[in-house]
Amino acid sequence: MSEKFSEDLFDIKNDRRLSVYLYRAGFGCWLLYIVSGARFLHELTMYRTDFGIFSFFLMVMGLSTSMVYDYHHNPAEFDTKKKWLIISYMVLAGLVYIFIVRNQPIDLLRTFHF
């Protein structure tokens, strides 16, 4: 690879390719999440939650990098994506807390006092 390719790839202000690659990698992890629930891949079922969270993480990072481009080139589109980025970060933080930090199953009966 040439230096020009790598310089352009990480120039997220003027090039959208990194955000597209992050979206595609997130979609690939999402497909792994779906396929890991299949019976013939029972060896991967213990990684299913990790695939799902990593997929969401990659897609949020793709949204973040595309927003840098939109901030400089499409201000109207940037304003509409801003609220979705905040919501995405909140959902991602909740998923990380529930599935990784807390590391316990959710008991809805105890949570809502039914």
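These notes cover the structure that comes with them.

With that settled, consider the overall build of the protein chain. The number of helices and strands found in the protein chain is five helices and zero strands. In sequence order, the protein chain lays out its α and β elements as α-α-α-α-α. Looking at the protein chain as a whole, 24% of its 114 residues are labelled buried. When contacts within the protein chain are restricted to residue pairs at least 6 apart in sequence, long-range pairs at least 24 apart make up 59% of them. Carbon and sulfur atoms make up 67% of the accessible area of the protein chain, which amounts to about 8400 Å² in all.

Before going further, it helps to spend a moment on the packing of aromatic side chains. Summed over the entire model, instances satisfying the criterion amount to three aromatic pairs. For the ring pair Phe54 and Phe57, a centre distance of 6.2 Å and an interplane angle of 20° mean the geometry is stacked. Remark: Phe57 and Phe54 occur in helix α3 (residues 48-73); sequence separation between them is three residues, near one turn of the helix. With relative accessibility at 42%, the residue Phe54 sits in the partly exposed group. Phe57 gets classed as partly exposed once you look at its relative accessible area, which sits at 35%.

The next point concerns the side chain of Ser64. Mapped onto the elements, Ser64 comes out in helix α3. Look at Ser64 and you get buried, because its relative accessible area is 16%. For Ser64, the side chain forms a polar contact with the side chain of Tyr89, separated by 2.9 Å. With sequence-adjacent residues up to four places away left out, Ser64 is seen in contact with Leu85 and Tyr89.

On to the environment of Arg16. One can find Arg16 in the loop between α1 (3-9) and α2 (17-35). Placed 49 residues apart in sequence, Arg16 and Thr65 show a C-alpha to C-alpha distance of 7.8 Å. Leave out the neighbours within four places in its chain, and Arg16 touches Ser66, Tyr69, Asp70, Asn74, Glu77 and Lys81.

Right, let's get into the pattern of salt bridges. In total, this model carries six salt bridges according to the counting rule given. For Glu77, the salt bridge goes to Lys81, with nearest N and O atoms at 3.5 Å. Placement of the pair is Glu77 and Lys81 together in helix α4 (residues 75-101), with a separation of four residues, close to one helical turn. For Glu77, a relative accessible area of 32% translates into the label partly exposed. With a closest N to O distance of 3.6 Å, Asp79 and Lys82 form a salt bridge. With a gap of three residues between them, Asp79 and Lys82 both fall in helix α4, about one helical turn apart. On the basis of relative accessibility, which here comes to 47%, the residue Asp79 falls in the partly exposed class. Assessed through its relative accessible area of 37%, Lys82 is described here as partly exposed. Residues participating in the shared-partner salt-bridge network are Arg16, Asp70, Glu77 and Lys81.

About the cut-offs
- Residues numbered from 1 in each chain as written.
- Predicted model: local features only at pLDDT ≥ 70, side-chain atom pairs only at ≥ 80, totals over all residues.
- Heavy atoms only, no water.
- Helix = DSSP H or I, 4+ residues; strand = E, 2+ residues; numbered from the N terminus.
- Buried < 20%, exposed > 50% of the residue type's maximum accessible area, 1.4 Å probe, protein only.
- Contact = heavy atoms within 4.5 Å.
- Areas by Shrake-Rupley, 256 points an atom, 1.4 Å probe, with all protein chains shown as cover.
- Phe/Tyr/Trp six-rings, centres within 6.5 Å; stacked < 30°, edge-to-face > 60°.
- Polar contact = N/O pair within 3.5 Å; in protein donor to acceptor, adjacent residues only side chain to side chain.
- Salt bridge = Lys/Arg side-chain N within 4 Å of Asp/Glu carboxyl O.

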